[in-house]
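The lines below spell out each chain.
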Amino acid sequence: MIALTYLLAGALFIIGLRGLGSPRTARRGNQIAAVGMAVAIGVTVVWVTDQPLSALWWVVIVGGLIGSAIGAVLALKVQMTAMPELVAAFNGFGGGASALVAFAEIVAVGTVVAADVKYATQTEVTVALSIAIGVVTFSGSFVAFGKLKGIVTGRPVALPGGPYFNLVLAIVSTASAVWAVAFNEPLGYWILAVVAFVLGITGVMPIGGADMPVVISLLNSLSGVAASMAGFVIGNQGLIIAGALVGAAGFILTVQMSEAMNRSLANVLFAGFGTEGAGPIDAGDKPVNSATPEDVAISLAYAQKVIVVPGYGLAVAQAQHAVRELAVALEEREVTVEYAIHPVAGRMPGHMNVLLAEADVPYDVLLDLDQSNPRFPHTDVVLIVGANDVVNPSARDDATSPIYGMPILEVDLAATTVVIKRSLSPGFAGIDNPLFYLPSTMMLFSDAKSALENIHEALLDL
Amino acid sequence: MSPDFIQGIVVFVLAAFVGFEVISKVPPTLHTPLMSGANAISGITIVGAIIAAAFGEGAVAIVLGLLAMAFAMINVVGGFLVTDRMLEMFKKKPVVKK
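Thresholds applied
- Throughout this description, residue numbers start from 1 for each chain and increase along the sequence as written.
- All chains are assigned letters beginning at A, and all ligands numbers beginning at 1, according to the order in which they are written.
- Totals for whole chains, interfaces and linings use all residues, but because this is a predicted model, local features are given only for residues with pLDDT of at least 70 and pairs of side-chain atoms are given and counted only at 80 or more.
- The helix count covers DSSP runs of H or I at least four residues long, the strand count covers runs of E at least two residues long, and both are numbered beginning at the N terminus.
- Only the C-alpha atoms count toward the radius of gyration. The rule for a globule is 2.2 Å times the residue count to the power 0.38.
- Every C-beta atom is placed from the backbone, and the number of other C-beta atoms within 10 Å of a residue's own sets its class: buried at 20 or more, exposed at 12 or fewer, partly exposed in between.
- Residue pairs qualify as contacts under a 7 Å threshold applied to their C-beta atoms, which are placed from the backbone.
- On a scale of 0 to 100, pLDDT captures the predictor's confidence in every residue.
- For two strands to pair, DSSP has to find at least two bridges joining them.
- Inter-axis angles, ranging from 0 to 180 degrees, are taken between N-to-C directions of lines fitted to C-alpha atoms, where helices are fitted over the stretch in contact.
- Think of a nonpolar core as buried Ala, Val, Leu, Ile, Met, Phe, Trp, Tyr and Cys residues, each tied to the set through C-beta atoms within 7 Å.
- For each domain, the first and last residues come from an automatic or database assignment.
- Note that Gly is not counted as nonpolar here; it falls among the polar residues with everything else outside the nonpolar set of Ala, Val, Leu, Ile, Met, Phe, Trp, Tyr, Cys and Pro and the charged set of Asp, Glu, Lys and Arg.
- Each angle is binned into one of four classes, with values under 35 degrees roughly parallel, values over 145 roughly antiparallel, values of 65 to 115 roughly perpendicular, and all other values oblique.
- Less than a right angle of anticlockwise turn of the near helix away from the far helix marks a crossing as left-handed, whereas a clockwise turn marks it as right-handed.
- In this scheme, a helix's expected span is set at 1.5 Å multiplied by one less than its residue total.

**A look at the overall build of chain A**
Move 1: Regarding its fold elements, chain A presents 18 helices and six strands.
Move 2: Relative to the compact-globule value of 23 Å for 462 residues, chain A shows a C-alpha radius of gyration of 25 Å, a close match.
Move 3: Judged by the C-alpha coordinates and their principal axes, chain A covers about 80 × 50 × 35 Å.
Move 4: Taking all 462 residues of chain A together, 56% fall into the buried category.
Move 5: Of the contacts made within chain A by residues no fewer than 6 positions apart, 78% connect residues no fewer than 24 positions apart.

**A few points about the confidence of the model for chain A**
All names here are of chain A.
Move 1: On average, residues of chain A score 88 in pLDDT, and 93% of them reach the 70 mark or higher.
Move 2: Overall, residues 110-118 carries pLDDT values under 50, and its contacts beyond four positions in sequence, including any with other chains, amount to 11 contacts.
Move 3: Within the model, the stretch residues 275-281 combines pLDDT values under 50 with nine contacts to residues more than four positions away or in other chains.

**A word on the sheet that holds strand β5 (residues 416-421) of chain A**
Residues and elements named next belong to chain A.
Move 1: The six strands lie next to each other as β3-β2-β1-β4-β5-β6, forming an open sheet whose pairing is parallel. Because the sheet does not close on itself, it has two edges, and the strands there are β3 (366-367) and β6 (441-445).
Move 2: Of the strand pairs in this sheet, β5 and β6 are connected by five bridges, and their pairing is parallel. For Lys 421, the partnering residue across the bridge sits in β6 and is Phe 445.
Move 3: Relative to β6, helix α12 (residues 293-301) is tilted by about 135 degrees, and along the sheet it contacts β1 (305-310), β4 (381-385), β5 and β6.
Move 4: Running over the sheet, helix α14 (residues 320-332) touches β1, β2 (336-340) and β4 and is turned about 175 degrees from β1.

**A word on the nonpolar core**
Move 1: In this structure, Val101(A), Ile131(A), Leu245(A), Val309(A), Ile384(A), Val385(A) and Ala68(B) are the most contacted members of the largest nonpolar core, which totals 203 residues.
Move 2: Here this core takes 18 residues from helix α4 (residues 59-89) of chain B, the largest share from any one element.
Move 3: Residues from two domains meet in this core; each of domain 1 (78-270) and domain 2 (293-461) of chain A gives at least three.

**With respect to the interface of chain B and chain A**
Move 1: Contacts between the two partners involve 80 residues from chain B, matched on the other side by 102 residues from chain A.
Move 2: Elements supplying a minimum of two residues to the side of chain B that touches chain A: α1 (3-23), α2 (31-41), α3 (46-54) and α4 of chain B.
Move 3: At 29 residues, the largest contribution of residues to the side of chain B that touches chain A is made by α4(B).
Move 4: Of the residues in the side of chain B that touches chain A, the class split is 51 nonpolar, 20 polar and nine charged.

**Some remarks on the packing of helix α9 (residues 212-234) of chain A against α2(B)**
Move 1: For the pair α9(A) and α2(B), interaxial distance at closest approach is 9 Å and the crossing angle is 25 degrees. Between α9(A) and α2(B), the interaxial angle falls into the category roughly parallel. Of the two elements, α9(A) crosses α2(B), and the hand of that crossing is left-handed. Residues Ser217(A), Asn220(A), Ser223(A) and Gly224(A) of α9(A) pack against Met35(B), Ala38(B) and Asn39(B) of α2(B).

**Here we look at the domain arrangement of chain A**
Residue and element names in this part refer to chain A.
Move 1: You can read the domains of chain A as domain 1 (78-270) and domain 2 (293-461).
Move 2: Between domain 1 and domain 2, the C-alpha centre-to-centre distance is 36 Å.
Move 3: The partner domain 2 presents 18 residues to the 19 residues of domain 1 that form the contact.
Move 4: Of the residues that constitute the side of domain 1 that touches domain 2, the class distribution is 13 nonpolar, six polar and no charged.

**Here we look at helix α6 (residues 121-149) of chain A**
Move 1: Between its terminal C-alpha atoms α6(A) stretches 42 Å, which fits the 42 Å expected from 29 residues at 1.5 Å a residue.
Move 2: Counting buried positions over the 29 residues of α6(A) gives 24, a clear majority of the element.

**Comments concerning the pairing of β5(A)**
Working note: regular strand, side chains alternate between the two faces of the sheet.
Residue and element names in this part refer to chain A.
Move 1: Taken across its six residues, β5 has six buried, putting it largely inside the fold.
Move 2: With five bridges joining them, β4 and β5 adopt parallel strand pairing. Among the inter-strand pairings, Val 382 is bridged to a residue of β5, identified as Thr 417.

**A word on the environment of Ala322(A)**
Move 1: With respect to the helices, strands and loops of the structure, Ala322(A) is situated in helix α14.
Move 2: In this structure the C-alpha to C-alpha distance between Ala322(A) and Ala301(A), which are 21 residues apart in sequence, comes to 16 Å.

**Notes on unusual backbone geometry**
Move 1: Although it is not a glycine, Glu334(A) adopts a positive phi angle of roughly 65 degrees.
Move 2: Here Glu334(A) lies in the loop between α14 and β2.

Here it is as structure tokens:
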């Protein structure tokens, strides 16, 4: 009966995830998944009550209340621009929890609960896997959190020995896991945890800020796999199902994000993109069309079709409301405004969509890569706010460019391109952007938010 | 290998395939809510945390149980709430405007 109830919870998770596949049903889907979680928690509490052993309810309740309070405050207070950090942190807590569950299981050997679980080698293997994956997810997520928050440098940090450094750590952790499992040596698990903790840190440090969409997706996947392994440890199929679902979901996103950058996952994880300088940029002499907000306002006002391309700079400047207000003013002048969103714009998959949704931009004017590119040739003005590498024509034209082959938004095909950017400095990839020097490009050097507000003001004066 | 363990692997593999099937069609607009929603589901490890916390013996086990409970609940409560908050904002274009 208990097992069947966990199956019910698993089914609710699947229905919930299905719901998350369409904007109309997404909110309901999330709620269904939450009900599944409530079911799983409820049946576990019932099971614990049924055990002959008296349970330490205060530990459950105190821990649960602390966690709920922290989770609720974080979820309700977070600004939408800080969503990637929050998801990274939640991933970390999930992975950490799975590792702790496995640890508690080793510590509890000899108590009644552990005694009715037959301790077989395969269980110990899953304990080791649960600890290793959970701890790597935990420390890796918090490094990612630090990078997103700006506490840790967003630049890739080169390790001594490069990727071999982490290879050695991986070998050491495997060895300590084998020691723990084969020789029944609990100390091995603790060593494993320490090494995995370091591996999580050194694994994410060499990865640059712009690759974060891949990393967060991967950590998301790992937090699911860790939960699944914890399910093997405690012999619970509810955990196995839910963990596998999340593992699959995160993995699909990881692959999609890597594809959107035309790089393999291995390249993202180990190449330290941007650490070996992409060559000096001789931007100095080339002429650019520097524009004023008034110039931009005029070209926008007399356009018929405008496409906005948002990037990470929009999030940094918290400019999502400013862009929406400008769009509304344009729509009042019968200008069509749409948004073209590159899959890796921002710091996590779908980051820009959430920000624009917050500013009340309806989701049906948000275009993805395949929808956007055919439209640029018929677009009068493309307004680029804080995006750089994803609109770099080198990726299409210059076979020697490090980003050659990456799918881009072909904004240079539009009649006029307006780039709002603080300076000419190259993007994360450290690559010069020929778009900036095109005759059809207007550069507006400013912070994204004040630029949009100034354009808006100028527009009202026309 | 015990039958239970083999059954566990069967369940794991099948669930992973279901996950691939269900999620591969999600539009990019929903990627962030999908991720945070999936993340909340990975908080299922709360089940293990409850058991660990309820039957911890000795100081170390109790600390582990407390931490596991707190971590898992942050993930569950925070994950579902923040996903709901995000999805509440996703609106379709009002028909009147067209």
